[in-house]
Amino acid sequence: MHRPTPRPLAIAIVAGLLQLPAQAALYAVDPGPYPTAPNGGFPAWYQDSHGRTLDLCLTKAVSSRVAGAPGAPSYMCTLLPTPGVFDDTQPIVFPSNFPDEAFWFTGETSLVDAARGIDLTYVSAIEAAFAAEEPVAGDQVSFARVRIRVDVPAAGTYVITHPYGVDVFDVPAAGRRAINMTRDIGIAGAGDFTGALKGDLGPFLRSVNGPYTETNPTTGASERFIGDPNLNERVTGSPFNTNYVRIEGPNGLDIRTDLFAVSGKLSTVNRPTPVIPQRSTYSRHTENGDLRAQQDVFVMAPPAPATVSLSSQNPALALSEANGTGTWYAQSPLNPTLPLTLQVTADNSLAIATSTPTTVSMPLTDLVVISRAEYSLSSGQLTLVASSSDETSPPALTAHTGNGALIGNLSGSGAVKSMTTGLTPIPPATVQVSSSHGGSDSEPVVLVP
């Protein structure tokens, strides 16, 4: 780890950089208040969408699997001594002897291929730090960090796949740290630690061999950890099932590693099971004189052995989760009577004893799809075509600009409706079509001559 940057940073010594979309899945942070003892004015915990809650890792428990060198204990937390700031041989006291960097989570690896000239370092972390670098009350900040540094042997395009996304680098010249990217998301004003929830990280990576239990040498209490940062192990937890770091590049370069050093102390705080509603829609149509109906429900929740059920159905309908990423889905052939609000319940207590069930409400709506959103620059006419998934009771469809200004109603007797209207002098960047049955869709407007 290295000193934090006092603002969000994304640096790459490259001609161009593209980060493909990631799916961050941190769920919640300790809402406070934040006393200086024992956590130095930082939140006690962060929780991910898989239901794991990690404390700020300040314990001096040591690994029973790896013996540390003299004067360098094999701590289960990433505790970094800093001369004149933090002496890890002394009690942790804020601010006189407190780490200038501490962590709720770290997941790190390296990839070295001397024959091919590759030396890669990868860091992911939820970090606690200080705006002016040294422990000072009121300067506490937290952020989600992804760092990629690579020595490369040749100019060209490099694609790096990692647990939290894909980054593409156009490197103009070979050399040391020709790829040098740090993305810190979350640094905000004093007392605001919610920004890290919007970073690239989550769920937390965890060792496939964990959790590990060690003893706190100060209190004698048993503590549990998602990994041992003194070991390189296979992990799970990537929202994309990319539990590895892979680099592809010029001249057929394609190498990877799936071994990480992971740290994180499991909290004993009781927390609700995370549930993130994604979509609850229905469709219906007539086929050979028979009504065909279908309801589709998507949520994010902890993967099995958690359970997710649709309790508003009779009988209750269990959602299924196939790939361990926490994406749950259910389909019901029932014909809904609108308006209808579904009740989805998730329970992660089989995996985490301190987890309690959570029930969320999801309005059932039709699925609206905009198939054409086109603006003619010569005529000043906007043309829209959109459809509803409800073909038996087609709803009214209404169009607005992306900033909410009313455009008008689409016309047509069936589920597919359209409109052409003058809209000057400036075309809208996006349009939204909303259904009287609750669904909506937004699309960018295509400009034509």
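Our structure is the block above this text.
Definitions and cut-offs
Residues numbered from 1 in each chain as written. Predicted model: local features only at pLDDT ≥ 70, side-chain atom pairs only at ≥ 80, totals over all residues. Heavy atoms only, no water. Pairing = 2+ DSSP bridges. Helix = DSSP H or I, 4+ residues; strand = E, 2+ residues; numbered from the N terminus. Disulfide = S-S within 2.5 Å. Salt bridge = Lys/Arg side-chain N within 4 Å of Asp/Glu carboxyl O. Buried < 20%, exposed > 50% of the residue type's maximum accessible area, 1.4 Å probe, protein only. Contact = heavy atoms within 4.5 Å.

**Q** I'm lost on the sheet that holds strand E26 (residues 341–347) in this one. Help?
**A** Two modes of strand pairing occur in sheets, parallel and antiparallel, and in both the strands are linked by backbone hydrogen bonds. Pairing in this open sheet of four strands is antiparallel, and the strands run E23-E22-E26-E28 from one edge to the other. Taken across any chain shown, the strands that pair with only one partner, and hence form the sheet edges, are strand E23 (317–318) and strand E28 (358–363). Pairing geometry for strand E22 (residues 307–310) and E26, over four bridges, is antiparallel. Bridging from a neighbouring strand, Leu-310 pairs with Val-344 of E26.

**Q** Would you explain the sheet that holds strand E24 (residues 320–321) in this entry?
**A** Strand order in the open sheet formed by five strands is E24-E25-E21-E20-E29, and the pairing between neighbours is mixed. Two strands bound the open sheet, and with one partner strand each, they are E24 and strand E29 (365–366). With six bridges connecting them, strand E21 (residues 290–300) and strand E25 (residues 327–332) associate as antiparallel partners. Bridged to Val-297 within E25 is Ala-330.

**Q** Could you clarify how one ought to interpret the state of the cysteines in this entry?
**A** A covalent bond bridging the sulfur atoms of two cysteines is what the word disulfide describes. One pass over the full model with this rule turns up one disulfide. Between the sulfur atoms of Cys-57 and its disulfide partner Cys-77 the distance amounts to 2.0 Å. Linking Cys-57 and Cys-77, the disulfide has an S-S dihedral of approximately -75° and is accordingly described as left-handed. A residue pair is termed long-range when its members are at least 10 positions apart, and Cys-57 in the loop between strand E4 (53–55) and strand E5 (102–113) and Cys-77 in the loop between E4 and E5 qualify at 20 residues.

**Q** Looking at this model, I keep getting lost on the pattern of salt bridges. Mind explaining?
**A** Oppositely charged side chains are able to pair whenever their charged atoms sit close together. Taken as a whole, this structure holds twelve salt bridges when the rule is applied. Note that Asp-200 is salt-bridged to Arg-183, the shortest N-O span being 2.5 Å. Highlighted residues: Asp-200 in the loop between strand E10 (175–185) and strand E11 (206–207) and Arg-183 in strand E10, separated in sequence by 17 residues. One exposure class covers both Asp-200 and Arg-183, and it is buried.

**Q** I tried to follow the environment of Ala-196 on my own but got confused; where do I start?
**A** Residue placement: Ala-196 occurs in the loop between E10 and E11. Overall, Ala-196 belongs to the buried group, its relative accessible area being 0%. For the pair formed by Ala-196 and Leu-26, sequence separation is 170 residues and the distance between their alpha carbons is 8.1 Å. Ala-196 has contacts with Leu-26, Tyr-46, Ser-142, Phe-143, Ala-144, Ile-185 and Gly-186, leaving out every residue within four places of it along the chain.

**Q** Where do I start with unusual backbone geometry in this structure?
**A** In terms of backbone geometry, most residues other than glycine have negative phi values and most peptide bonds are trans. Look at the link from Ala-37 to Pro-38: it is a cis peptide, with omega at 0°. For Pro-38, the position within the fold is in the loop between strand E2 (26–29) and strand E3 (45–48). Cis geometry marks the peptide bond from Gly-210 to Pro-211; its omega dihedral reads 0°. Following the sequence through the fold, Pro-211 ends up in the loop between E11 and strand E12 (212–215). A positive phi angle is found at Glu-133, which is not glycine, with a value near 80°. Looking at the element boundaries, Glu-133 is found in the loop between strand E6 (118–130) and strand E7 (140–152). Phi is positive for Asn-251, close to 60°, though the residue is something other than glycine. Along the chain, the position of Asn-251 falls in the loop between strand E15 (245–249) and strand E16 (253–257).

Remember that the coordinates give geometry; whether it matters functionally is a separate question.
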